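# Observations on the three-dimensional arrangement
The residues making up each chain are set out below.
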Amino acid sequence: MKPFAYVRAHSVDEATAAHAGRPGARYLAGGTNLVDLMKLGVETPDTLVDIGGLPLGDVQELPDGGLRVGATVRSSDLAAHPLVRARYAAVSRALLAGASGQLRNVATTGGNLLQRTRCPYFQDVTKPCNKRDPGSGCGAVDGVHRDHAVLGHSLHCIATHPSDLAVALAACDATVELRGPDAERTVPLAEFHRLPGDRPERDTVIEPGELITAVLLPAATGGLPSAYRKARDRASYAFALASVAAVLDLDAAGTVRHVAIAFGGLAHRPWRARRAEAALLGAEPTADAVRRALTEELDAAEPLRDNAYKIGLARSLGTAVVTGLAEPGGGPEGPAGTPPPGGSEDRTDP
């Protein structure tokens, strides 16, 4: 076992100062991912800064109708929150589609966004991985990569980001609130995670010492029809082969006034389908129109030897979700947007 120091922070300022002053520090909240990686020897922090006691565990309604979700709000609490269920159904569904009930009772909102890839080459310290050990190579490129990226990857890394929540937040135009030792800032969720390029060891744009303090859900997408759907190898407790979150608003004529589509399981970060969104604005969201728009988006894909199936899978998922939202009753109160009754695990997705 590698020894490490432990700091229990009593304020956000104390936490950021402790982290910034120790290059090998990691923040600890729920620990559902970090502790596992420490056991595997993938993460070897010299200091853990415990933020579990900080006052970051509330969901607050903002004056404009948006929501401020504290970084340590538990996944189970967020999924069941009445305002989240009513206004941001995709967020609730995404949370319920991930992990087990036990893990959701411990995992936090900020930690969910910061979880590391589940690429087996990253998790196995005997294998080459540029994300874990920069310059060692990417074993997945010529190895087992059925679950890996088809968009935005590089020869340095083809891993995907595992978060379900991040995909839904990207579609809802959420922003991430960060506090550093000297300043605070907000970053659009869709820009918070990085593509790998030649620096795959950097998952996000977060700077040393910065702490996620909250996620902000805007009023503009609150209450619009939204949904999340996930394809996986098992009916539950499995990471996405491909997933999609969408938000849709139609005008009185039935044409698209606003649409946001984000894919999971396809890239190093949630993939906002900006090209498809632009193609659908002002159009009637028929199955043919949505399929054409998504085909245009996915033309940028560069599949590997064993994962070309993800392109058709993502197109089918996206078409089903967007057209479902366009149907009467397909909004937050209808079948496409409503979380499962009682907040139980969603076992209906493929």
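These notes cover the structure that comes with them. What you are looking at is a predicted structure, and each value in this text was computed from that prediction instead of being measured. (Residues numbered from 1 in each chain as written. Predicted model: local features only at pLDDT ≥ 70, side-chain atom pairs only at ≥ 80, totals over all residues. Heavy atoms only, no water.)

## Focus on the pairing of strand β5 (residues 67–70)
Just so we agree on the cut-off: Paired strands, in this sense, are two strands between which DSSP finds at least two bridges. Only DSSP runs of H or I reaching four residues or more are called helices, and only runs of E reaching two or more are called strands; each is numbered from the N terminus.
In the sheet, strand β4 (residues 59–61) pairs with β5 via 3 bridges, with the strands oriented antiparallel. Looking at β5, one finds that Gln60 is bridged to Arg68. Between β4 and β5, which pair antiparallel one after the other, the connecting turn spans 5 residues, and Gly65 there sits at a positive phi close to 100°. Relative to strand β8 (residues 211–217), β5 is paired through 4 bridges, and the arrangement is antiparallel. Directly across from Val69, in β8, lies its bridge partner Val215.

## Comments concerning helix α9 (residues 164–171)
The line we're drawing: Accessible area is worked out with a 1.4 Å probe on protein chains only. A residue is then buried under 20% of its type maximum, exposed over 50%, and partly exposed in between. Contacts described as polar in this section are N or O atom pairs within 3.5 Å, which, within protein, must combine one atom able to donate a hydrogen with one able to accept it, while residues neighboring in sequence count only if both atoms come from side chains.
Taken across its 8 residues, α9 has 8 buried, putting it largely inside the fold. Within α9, burial applies to Asp164, Leu165, Ala166, Val167, Ala168, Leu169, Ala170 and Ala171. Structurally, the start of α9 carries an N-cap: the backbone nitrogen of Leu165 is 3.3 Å from a side-chain oxygen of Ser163. Where α9 terminates, the next one or two residues include Asp173, which has phi positive at roughly 60°.

## Topic: the environment of Ser75
Note the cut-off: Contacts between residues were defined by any pair of non-hydrogen atoms, one from each residue, lying within 4.5 Å.
Mapped onto the fold, Ser75 is located in helix α3 (residues 75–80). In this structure, the C-alpha to C-alpha distance between Ser75 and Val167, residues 92 residues apart in sequence, is 15 Å. Other than its neighbours up to four places away in sequence, Ser75 contacts Leu95, Arg104, Ala107, Thr108 and Asn112.

## So, empty space enclosed by the protein
Put simply, the rule is: Each cavity reported here is a set of points on a 1 Å grid over the protein atoms alone in which a 1.4 Å probe fits but cannot get out, each pocket an open set with protein on both sides within 12 Å along at least five of seven lines, and each lining residue one with an atom within 4 Å of a point. Grid points are joined across faces, edges and corners, and a volume is the space filled by probe spheres set on the points. Charged residues are taken to be Asp, Glu, Lys and Arg, nonpolar residues to be Ala, Val, Leu, Ile, Met, Phe, Trp, Tyr, Cys and Pro, and polar residues to be all remaining types, Gly included.
Considering all chains together, one arrives at 2 cavities of 30 Å³ or more under this definition. Reported here for the largest cavity is a volume of approximately 80 Å³. In terms of lining residues, the largest cavity is bounded by 16 residues, among which Cys119, Cys129, Cys138, Cys157 and Ala159 are the most central. Within the lining of the largest cavity, the residues separate by chemical class into 10 nonpolar, 5 polar and 1 charged. Of the voids in this model, the second largest cavity is the one considered here, and its volume is about 60 Å³. Lining the second largest cavity we find Arg116, Thr117, Lys131, Thr160, His161, Pro162, His193, Asp203 and His268. In the lining of the second largest cavity, the residues fall into 1 nonpolar, 5 polar and 3 charged.

## Some details on the layout of surface pockets
Taken as a whole, the second largest pocket encloses approximately 440 Å³ of empty space. Lining of the second largest pocket is provided by 30 residues; of these, Arg118, Asp147, Thr160, Phe239 and Ala240 occupy positions nearest its centre.

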